[in-house]
Amino acid sequence: MQATLTFLGIESSCDDSAASVVRVGTHAEILSSVVEGQVALHADFGGVVPEIAARAHAERLDHCVERALAEAGLRLGDLDGIAVTAGPGLIGGVLSGVMLAKGLAAGSGLPLVGVNHLAGHALTPRLTDGMAFPYLMLLVSGGHCQFLIASGPDRFQRIGGTIDDAPGEAFDKTAKLLGLAQPGGPLVEREAALGDPKRFSLPRPLLDRPGCDMSFSGLKTAVLRARDSLIAAQGGLTVQDRRDLCAGFQRAVTDVLIEKTRRALALYLEAAPPIPAFAVAGGVAANSAIRAGLEGLCAAQAVRFSAPPLRLCTDNAAMIAFAGIERFRISGQDDMTLSARPRWPLDQTAAPLLGSGKKGAKA
């Protein structure tokens, strides 16, 4: 295996079409990173429409690849491989990326590597900070929330996660309840900065139970009830009402994440890692209040803290290219039977978490 590898990465798991070129030798270098969002396409629908997202990926991905290669100053033949998100995600979008990557690999003869989108996020601390294994990772985004002990490029142990809504989903749904545009996370954060987080008494779900599992669906419902009470009492919401609700919601999410991280760190530190380290990644890692709270917790426990630059918190193809290189070095390439997968847990041995809080016939 050659010492330096240069990969093209392709990402299309949700509503961001992205391509990037990453080179890894003695250190990792992002040569280009192109991301085309779809906010305007989905604005009228209050959320991502899978069919619209898939069509947009099919129309835009090849242009993203062309731009990424041009910005890197390279041609397809200068690469050592192509990495693509093969799941989990919206199946139409994932399929668009996988088929493009297969076509490029077949035409160029380059190795093809399918990447787990979650591994892309989980390995980002190695891309940005050269973090050594093992480290504790909090992956927190619009679709996922879990604690992982990362021991290798394909070795992840899940020690906790959300049993219902992910925090990013709860942020977006709260924004929608309060009449804010989508995506709602950044807008809730902006409103919260001007609000009083102590005005409303909102729950901190599962803090009364042991372990690292989380729940955010009930918190979102509590915001709905507080909103409805205000509307019934005064005929509507004032600007300050909305800001205070946002502030209370964000504080509750932050409190839950910090306490659960404290518990996850205790489990991780039991193994006495040589260089204790904690990393947070995913779209919600861009929230400054959550990031600051986690960083303070790590400082108090003398644990190294890592969070990616804001541009690498949300979906991007640089993390896919880097994860592809990491996987290629230990597992080699995939063949043309590589398939798109809507679900693909990082910890294959752990029981499913999402939805495990539900009971009855629909569980």
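A short tour of the structure in this document, coming up. All of these numbers come straight from a predicted model, not from anything done at the bench.

## Some words on the overall build of the protein
Within the protein, the regular secondary structure consists of twelve helices and ten strands. Over its C-alpha atoms the protein spans a radius of gyration of 21 Å, differing by no more than 12% from the 21 Å that the globule rule assigns to 363 residues. Based on the C-alpha atoms only, the size of the protein along its principal axes is roughly 65 × 50 × 45 Å. Relative to its 363 residues, the protein shows a buried fraction of 51%. Looking at the protein alone, contacts between residues at least 24 apart form 72% of all its contacts between residues at least 6 apart. Accessible surface for the protein amounts to roughly 15,600 Å². Of this, 53% is attributable to carbon and sulfur atoms. Counting 35 positive and 36 negative side-chain charges, the protein places the averaged centre of each group 5 Å from the other.

## Side note on the nonpolar core
Ranked by size, the top nonpolar core spans 81 residues in total, and within it Y135, L136, L138, F249, L257, F278 and V280 carry the most contacts. Counting residues per element, this core draws most heavily on helix α9 (residues 239-269), at twelve residues. In terms of nonpolar packing, the next biggest core, distinct from the first, is built from 26 residues, V34, L69, V94 and L110 among them.

## Some thoughts on the pairing of strand β1 (residues 5-11)
With seven of seven residues buried, β1 is to be regarded as a mostly interior element. What you see with β1 is no split at all: L5, F7, G9 and E11 on one side and T6, L8 and I10 on the other are buried throughout. Sheet analysis places β1 next to strand β2 (residues 16-24), joined by seven bridges and oriented antiparallel. The residue of β2 that forms the bridge with T6 is R23. Where β1 hands over to β2, the hairpin turn is made up of four residues, counted between the paired strands.

## Thoughts on the sheet that holds strand β5 (residues 112-116)
Taking strand neighbours across the sheet as the criterion, the five strands line up as β3-β2-β1-β4-β5 in an open arrangement whose pairing is mixed. In this open sheet, the two strands that pair with only one neighbour each are β3 (28-37) and β5. Strand-to-strand twist in this sheet, taken as the mean axis angle between neighbours without regard to direction, amounts to 20°. Sheet topology places β2 next to β3; nine bridges connect them, and they run antiparallel. For V21, the partnering residue across the bridge sits in β3 and is S32.

## A word on the side chain of N316
On the secondary structure map, N316 appears in the loop between α11 (310-313) and α12 (318-331). Taking the relative accessible area as the measure of exposure, N316 reaches 1% and is therefore buried. In terms of polar contacts, N316 uses its side chain to reach the backbone carbonyl oxygen of L312, at 3.3 Å. A distance of 3.0 Å separates a polar side-chain atom of N316 from the backbone nitrogen of M319. In contact with N316, other than residues within four places in its own chain, are E11, A18, V35 and R311.

## Here we look at the pattern of salt bridges
In total, this model carries 14 salt bridges according to the counting rule given. For D165, the salt bridge is made with K220, and the minimal N-O distance between the two is 3.0 Å. Of this pair, D165 sits in the loop between β8 (155-161) and α6 (167-177) while K220 sits in helix α8 (residues 217-234); the two residues are 55 residues apart in sequence, bridging distant segments of the chain. When the shortest N-O distance is used, the salt bridge between R242 and E191 registers 3.0 Å. Taken together, the residues span a long stretch of sequence, with R242 in helix α9 and E191 in helix α7 (residues 185-192) at a distance of 51 residues. What makes E191 buried here is its relative accessible area of 6%. Among the charged side chains, a salt-bridge network with shared partners connects D165, E169, K173 and K220.

## So, unusual backbone geometry
With an omega of -5°, the peptide bond between F133 and P134 qualifies as cis. Along the chain, the position of P134 falls in the loop between α5 (124-129) and β6 (135-140). The amide bond that connects Q182 to the next residue, P183, takes the cis arrangement and shows omega of -5°. By the secondary structure assignment, P183 is in the loop between α6 and α7. The backbone of A302 shows a phi angle near 55°, a positive value even though the residue is not glycine. Here A302 lies in the loop between α10 (288-300) and β10 (304-306).

Cut-offs applied
- Residues numbered from 1 in each chain as written.
- Predicted model: local features only at pLDDT ≥ 70, side-chain atom pairs only at ≥ 80, totals over all residues.
- Heavy atoms only, no water.
- Helix = DSSP H or I, 4+ residues; strand = E, 2+ residues; numbered from the N terminus.
- Rg over C-alpha atoms; globule rule 2.2 N^0.38 Å.
- Buried < 20%, exposed > 50% of the residue type's maximum accessible area, 1.4 Å probe, protein only.
- Contact = heavy atoms within 4.5 Å.
- Areas by Shrake-Rupley, 256 points an atom, 1.4 Å probe, with all protein chains shown as cover.
- Lys, Arg positive; Asp, Glu negative; His and termini not counted.
- Charge placed at Lys NZ, Arg CZ, Asp CG, Glu CD.
- Core = buried A, V, L, I, M, F, W, Y, C linked by side-chain atoms within 4.5 Å.
- Pairing = 2+ DSSP bridges.
- Axes fitted to C-alpha atoms, helices over the stretch in contact; angles between N-to-C directions.
- Polar contact = N/O pair within 3.5 Å; in protein donor to acceptor, adjacent residues only side chain to side chain.
- Salt bridge = Lys/Arg side-chain N within 4 Å of Asp/Glu carboxyl O.

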